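These are the residues of each chain, in order.
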Amino acid sequence: MGFARACSVALVGVEGVVVEVQADLEPGVAAFTLVGLPDKSLVESRDRVRAAVVNSGAEWPQKKLTVGLSPASVPKSGSGFDLAVACAVLGAAERIDPAAIADVVMIGELGLDGRVRPVRGVLPAVLAAAEAGYRQVVVPEQTAGEAALVPGVSVLGVRSLRQLIAVLGDEPVPDEPAADQGRPDTMLAGLMVPGAGLGTGIAPLSADGTAHRPDLADVAGQGRARTALEVAAAGGHHLLLSGPPGAGKTMLAERLTAILPPLSRRESLEVTAVHSVAGILPPGEPLISRAPYCAPHHSATMQSLVGGGNGLPRPGAVSLAHRGVLFLDEAPEFSGRALDALRQPLESGHVVVARAAGVVRLPARFLMVLAANPCPCGRHTLAGAGCECPPSTVRRYQARLSGPLLDRVDLRVEVEPVGRADLMGQGGRGESSAEVAVRVRGARERAVERLAGTPWTTNSEVPGHELRTRLVAAPGALMAAERELERGVLTARGLDRVLRVAWTVADLRGADRPDASDVAVALELRTGVQRGVPMQAGAR
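All figures in this text were calculated on a predicted structure; none of them were measured in a lab.

### So, a nonpolar patch on the surface
- On the surface, a cluster of nonpolar side chains totalling about 200 Å² of accessible area is made up of Leu156, Val167 and Val173.
- Considering the arrangement of structural elements, one finds Leu156 in strand E9 (residues 154-158).

### Considerations on the pairing of strand E14 (residues 358-363)
- Burial of the side chains of E14 is restricted to one face: Gly358, Val360 and Leu362 are buried, whereas none of Val359, Arg361 and Pro363 on the reverse face is.
- As defined by bridge partners, strand E13 (residues 350-355) adjoins E14 across 6 bridges and the pair is classed as antiparallel. Along E14, the bridge assignment pairs Val353 with Val360.

### A short note on the pattern of salt bridges
- Applying the stated criterion across every chain, the model contains 28 salt bridges.
- Notably, a salt bridge pairs Glu254 with Arg255, separated by 3.9 Å at the nearest N-O pair.
- Taking relative accessible area as the criterion, Arg255 reaches 8% and is therefore assigned buried.
- Overlapping salt bridges, with partners in common, bring together Glu347, Asp407, Arg408, Asp410, Arg493, Arg497 and Arg526 in one network.

### Quick look at helix H2 (residues 45-55)
- Residues of H2 that are buried include every one of Ser45, Arg48, Val49, Ala52 and Val53, and no others. Along H2, the residues classed as buried sweep out an arc of 125° about the axis, all on the same side.
- In this structure, the buried residues of H2 make contact with strand E3 (31-35), helix H1 (40-43), helix H3 (82-92), strand E6 (109-110) and helix H7 (161-168).
- Gly57 sits one or two residues past H2 and shows a positive phi near 90°.

### A look at the packing of helix H18 (residues 433-450) against helix H21 (residues 492-508)
- Between H18 and H21, the least distance of the axes is 8 Å, while the angle of their chain directions is 115°. Read as a crossing pair, H18 and H21 show a hand that is right-handed. Taking contact as the criterion, the partners of Arg439, Val440, Ala443, Arg446, Ala447 and Arg450 in H18 are, on H21, Trp503, Asp507 and Leu508.
- Looking at the contact of H18 with H21, its residues break down into 5 nonpolar, no polar and 4 charged.

### Digging into the packing of helix H8 (residues 223-235) against H18
- Packing of H8 against H18 leaves a shortest axis separation of 8 Å and a crossing angle of 40°. Here H8 is positioned oblique relative to H18, judged by the angle of their axes. Where H8 crosses over H18, the two elements pack in a sense that is right-handed. Only Val436, Arg439, Val440, Ala443 and Arg444 of H18 make contact with H8, whose side of the interface consists of Glu230, Ala233, Ala234 and Gly235.
- A per-class count over the contact of H8 with H18 returns 5 nonpolar, 1 polar and 3 charged.

### Remarks on the sheet that holds strand E10 (residues 239-242)
- Read from one edge of the open sheet, 5 strands run E11-E12-E15-E10-E16, paired in parallel fashion. Each edge of the open sheet is held by one strand with a lone partner, namely strand E11 (293-294) and strand E16 (411-414).
- Two elements, strand E12 (residues 325-328) and strand E15 (residues 367-372), share 4 bridges in a ladder whose sense is parallel. The partner of Leu326 across the bridge, within E15, is Met368.
- Here H8 sits on the sheet and contacts E10, E15 and E16; the angle it forms with E16, its principal contact strand, is near 165°.

### Brief notes about the environment of Val231
- For Val231, the location among the structural elements is in helix H8.
- On the accessibility criterion, Val231 (1% relative accessible area) is buried.
- Separated by 276 residues in the primary sequence, Val231 and Asp507 place their C-alpha atoms 9.6 Å from one another.

### Examining the packing of aromatic side chains
- Within the structure shown, the criterion is met by 2 aromatic pairs.
- A centroid spacing of 5.7 Å and a plane angle of 40° characterise the contact between Phe32 and Trp60, whose relative ring orientation is tilted. Residue Phe32 is found in strand E3, and its partner Trp60 is found in the loop between H2 and strand E4 (64-70); the two are separated by 28 residues along the sequence.
- On the accessibility criterion, Phe32 (9% relative accessible area) is buried.
- A centroid spacing of 6.4 Å and a plane angle of 25° characterise the contact between Tyr293 and Phe327, whose relative ring orientation is stacked. Of this pair, Tyr293 sits in strand E11 while Phe327 is found in strand E12, placing the two residues 34 residues apart along the sequence.
- Owing to a relative accessible area of 2%, Phe327 belongs among the buried residues under this scheme.

### A look at the nonpolar core
- By size, the foremost hydrophobic cluster in this structure holds 79 residues, and its most contacted members are Val67, Met106 and Met368.
- Setting aside residues no more than four positions away along its own chain, Val67 makes contact with Val21, Gln22, Ala23, Phe32, Thr33, Leu34, Val35, Val85 and Val89.
- Core analysis: the second largest hydrophobic core is formed by 47 residues, Val219, Ala225, Ala232 and Leu411 among them.

### Some thoughts on the environment of Glu109
- As for its placement among the helices and strands, Glu109 is situated in strand E6.
- When the C-alpha positions of Glu109 and Val139 are compared, they lie 9.4 Å apart, and in sequence the two are 30 residues distant.
- When neighbours within four sequence positions are excluded, Glu109 is seen to be in contact with Arg48, Ser79, Asp82, Arg115, Val116, Arg117 and Val119.

### Observations regarding unusual backbone geometry
- Residues Ser70 and Pro71 are joined by a peptide bond in cis, for which omega reads 5°.
- Position of Pro71 relative to the elements: it lies in the loop between E4 and H3.
- Phi at Leu37 is positive, roughly 60°, even though this residue is not glycine.
- Tracing the chain through its elements places Leu37 in the loop between E3 and H1.

### Notes on the confidence of the model for the chain
- On average, residues of the chain score 87 in pLDDT, and 89% of them reach the 70 mark or higher.
- Per-element mean pLDDT across the chain ranges from 68 in helix H17 (residues 420-423) up to 97 in strand E5 (residues 105-106).
- Under a pLDDT of 50 for its full length, residues 197-210 has, in the predicted model, 22 contacts with residues more than four places off or in other chains.

About the criteria used
- Residues numbered from 1 in each chain as written.
- Predicted model: local features only at pLDDT ≥ 70, side-chain atom pairs only at ≥ 80, totals over all residues.
- Heavy atoms only, no water.
- Patch = residues over 30% accessible without salt bridge, like charges linked within 9 Å, V, L, I, M, F, W, Y side chains within 5 Å.
- Areas by Shrake-Rupley, 256 points an atom, 1.4 Å probe, with all protein chains shown as cover.
- Salt bridge = Lys/Arg side-chain N within 4 Å of Asp/Glu carboxyl O.
- Helix = DSSP H or I, 4+ residues; strand = E, 2+ residues; numbered from the N terminus.
- Buried < 20%, exposed > 50% of the residue type's maximum accessible area, 1.4 Å probe, protein only.
- Pairing = 2+ DSSP bridges.
- Arc of directions from axis to C-beta.
- Contact = heavy atoms within 4.5 Å.
- Axes fitted to C-alpha atoms, helices over the stretch in contact; angles between N-to-C directions.
- Left-handed = near helix turned anticlockwise from the far one by under 90°.
- Nonpolar A, V, L, I, M, F, W, Y, C, P; charged D, E, K, R; others polar.
- Parallel < 35°, antiparallel > 145°, perpendicular 65-115°, else oblique.
- Phe/Tyr/Trp six-rings, centres within 6.5 Å; stacked < 30°, edge-to-face > 60°.
- Core = buried A, V, L, I, M, F, W, Y, C linked by side-chain atoms within 4.5 Å.
- pLDDT = per-residue confidence, 0-100.

This is how it looks when you write it as structure tokens:
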């Protein structure tokens, strides 16, 4: 009787579970049985593995073969187990040394000709293997750069099963022909879900290796909205832009990622892992270093926003925007169920999706930007524009954004139509994204230094208890906010959010703590009521 085992990884959401692939050969009628809670695509690996082994020059064992995936209680899906199954079978048949593959994690799909094809989710799979104590990983050659992002792991990228057999058996490694350089590499098709990359903000690289990014200098006028955008980027505060069509709401939101700081190493790994599982990680860019941007259409369902799908849930828009920007254009046109589903991730920074196949916890710490018109025709706030919407229709339209959802939005700005002087450039060109990004990065660094030793890094994450006990504002700074609380204009959550915005405004101007003017700016940005203070962040 022959027995051998190899290891692979089963992905549950964006987290991985190391799976032991065991192969057992017994005398009897030749048969291939696969057990261990596999799905349909994994059951089909029996035919793929058999053809790949034979076409790689190895002999298929003519015995009763049983392959078990342990632990059997974890659902397993996808074709990434093919490589581990093939090596376990060859180890049981003594074609390769079973001891050489016992502690090696193998991830990859096999073609019928023995080529190793890339699969999605390599980074979270290798992260799970490293956390479980494994130090040797075999992946397809196209995803070796993605796997190498995990420190302390030895990565071997292979092009075919024939090459892997030679490496494991200390034999001369055969040369495999590369893909035809005159056409796209068909092997990369397994990494991308068709159409899934649209709206994610990963701009394609140009010929010189740079990506086009919209600049704030292109925005004409809109001083108040630009200030709100800078405060949102510096503190991670959610933002509502309301105004008539054509005022520049979408243009402003598309330029928010350009002023956000680059992602840290840990944040980059988190974002890359989510995008790898979702199948939107661009080939040739194994590590995402800048904040993502996701803008779903207003017809999106609740499942597409928070995550879902058949079987185990897949990441939704809130997870694709993790550590970046989630832009909801025409926000009142979204369904009420979809918008209300955003309440939990806005507070907790993650979303828990329960399905019959299991419960998945997905990361979802994003900066939300809402854009809304004042009424169905969009001309309600324009003097003499001829809005014919009845007051009841306007009220119903504005009520589509529920009070509990708006209470979680720190900044609410009315975007006014652009005047002729600003549009024709007579008012001068505004600051560029690079200039604003310098102030935003400085404010973020001051917040990180102040919050050292705590689990928070931005002002928007600080709990209200800490704002009222340890991080205290200047004496008398909260008098205006306390009056608004007594009048019922602010809720208790609203007061905490005003304090968070005030700390961000103070960080932008380099102050040690917020004063009355900083709180006044925060109140104006939240309520829209002018307080007679300059609205230029960092310049007061």
